[in-house]
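# Residue-level structure breakdown
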Amino acid sequence: MKRDTLDTILVMLCMLTPVSPGIFAKKLVIISSALLLLRILSSRNIFYVLKKLLIILLFIPGVILAIFNSPDNLIRFVPILLMILGFPFYDFKVRARPIKILSFYIIIYFIVTQVLLALGNSSLLNFREVWYPNEYGYVWNYGFVDSIVSSLGQFRAGGLYYNPNTLASVIILYYFIFYASSQYIEQSSINFSKKKINTRKIINLFMLALVSFSLFFTGSRTAMVALIGYIGVQNFNTALFKKLQIKKNTLWAGLFCLIFLFLIFDRILEGASTGSLHIKFTILMNYLSESNSLKLLFGGTYNKHFDTEYGNWIGAYGFLGLLAWFITLRMIYRTIPLTKPLIVAILLSAVGATVLYGLLTGSIMLAVVLISSSYWWQTQEEEKNKKPL
């Protein structure tokens, strides 16, 4: 079996692990993580040794504290550790078409179940209770709706994960995989007919509309702002803007961002003033004022409901861990410029949600970075081969 086939199968397994029912998820996480670690260790090239060593050294105090104080939380460190060890995933050859198709069906799966559960479909309710159990599911029990359209903005649909914010984070991460795969296919050396290009654009627009609807249905302000940031940065060309030239895609992306921002602007203000964002910020500020210097520097706190990426890293691994987190993101962006929209989306999401710190979202985030990196290196190799000798 060819290496690109094995790499693609491995990545698809990593993508399917977070989707799998809860009773299988932990076992699949162990299996997929072990296989990915073996694949990383078999890599012929090692990059950024000193930078990676610095990142791991910054994390070590928090890891030691977790070993003694909360061993169960060590598993949250696995996705970012694999990301650090494997980056820039130079040897990984991932095929875009199977990844795009799988991410498409995963997103459809989540959105269809989200809608049917919101409508109170009894079969799916039983399915969720058996295969996706959550002892705290009652916290996000918003009841059911009779009409999807009339309930938009008034009802929060959490789908299979109960929690609307979790569902929104998962869907948007899989959308990043879908979008990156679409972009790579467009930029590849394969010559498509005009009919195929138009069909692909229609599918991409359909997926964006579907994801936007789903995020709006969850009521997750953080995910919606992250999507706006991602689409905006992805379609903005600074060089052309300085020359007063704007591409058609930029205009459409700008219009999309403005409309979406207009629809959620009041929600954002509410969240920042009296809503969840204000509460999360207050929790973090209280923690910073009450903690001693050692705790702030090295971490060791796991029972605070920060519910934000920044708060969780500060609590668990201290400001040293947060610094390591920023260095990791900077290393990814500086090496793979393609990830700029992704990094912006992560920074925006980190204000009101967990990304790499969350076990579920961290696993998907690892797949997003791996896939994006693989596409980047394959693109560079294709462009190099095009040049005359």
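Residues numbered from 1 in each chain as written. Predicted model: local features only at pLDDT ≥ 70, side-chain atom pairs only at ≥ 80, totals over all residues. Heavy atoms only, no water.

### Points about the confidence of the model for the protein chain
Put simply, the rule is: A score from 0 to 100, pLDDT tells how confident the predictor is in each residue. A helix here means a DSSP run of H or I that spans at least four residues, while a strand means a run of E at least two residues long, and both kinds are numbered starting from the N terminus.
The pLDDT averaged across the protein chain works out to 86; a share of 94% of its residues lies at or above 70. Mean pLDDT across the elements of the protein chain ranges from a minimum in helix H11 (residues 238-242), with 59, to a maximum in helix H5 (residues 96-118), with 95.

### Focus on unusual backbone geometry
Worth spelling out the cut-off: Whether a residue is buried, partly exposed or exposed follows from its accessible area with a 1.4 Å probe, protein chains only, as a fraction of its type maximum: under 20%, in between, or over 50%, in that order.
Here the amide bond leading from Phe87 into Pro88 is cis, since omega sits at 10°, within 30 degrees of zero. In this structure, Tyr162 is a non-glycine residue whose phi angle is positive, near 70°. If you trace the backbone, Tyr162 turns up in the loop between helix H7 (148-151) and helix H8 (164-187). Overall, the relative accessible area of 13% leaves Tyr162 in the buried class.

### Considering H5
Heads up, the condition is: Here, expected helix span is obtained from the residue count minus one, scaled by 1.5 Å.
Between its first and last C-alpha, H5 extends 33 Å over 23 residues, near the 33 Å set by a 1.5 Å rise per residue. One or two positions beyond H5, positive phi appears at Gly120, with a value near 80°.

### Digging into the layout of surface pockets
To find leftover empty space, a probe the size of one water molecule is rolled over the atoms. To be explicit about the condition: Any residue with an atom within 4 Å of a point lines the site, the site being either a cavity, points on a 1 Å grid over the protein atoms alone where a 1.4 Å probe fits but cannot get out, or a pocket, an open set with protein on both sides within 12 Å along at least 5 of 7 lines. Grid points are joined across faces, edges and corners, and a volume is the space filled by probe spheres set on the points. The nonpolar class holds Ala, Val, Leu, Ile, Met, Phe, Trp, Tyr, Cys and Pro. Asp, Glu, Lys and Arg form the charged class, and all remaining residues, Gly among them, are polar.
Here the second largest pocket defines a volume of roughly 1200 Å³. Considering the residues around the second largest pocket, the lining is formed by 36 residues, among which Tyr179, Gln183, Gln234, Asn235 and Asn249 are closest to the centre. Going through the elements one at a time, H8, helix H9 (194-218), helix H10 (221-234), helix H12 (248-273), helix H16 (340-349) and helix H17 (359-386) are the ones with two or more residues in the lining of the second largest pocket. Of the residues forming the lining of the second largest pocket, the biggest block, seven residues, is contributed by H8. A class-by-class count of the residues in the lining of the second largest pocket yields 19 nonpolar, 12 polar and five charged.

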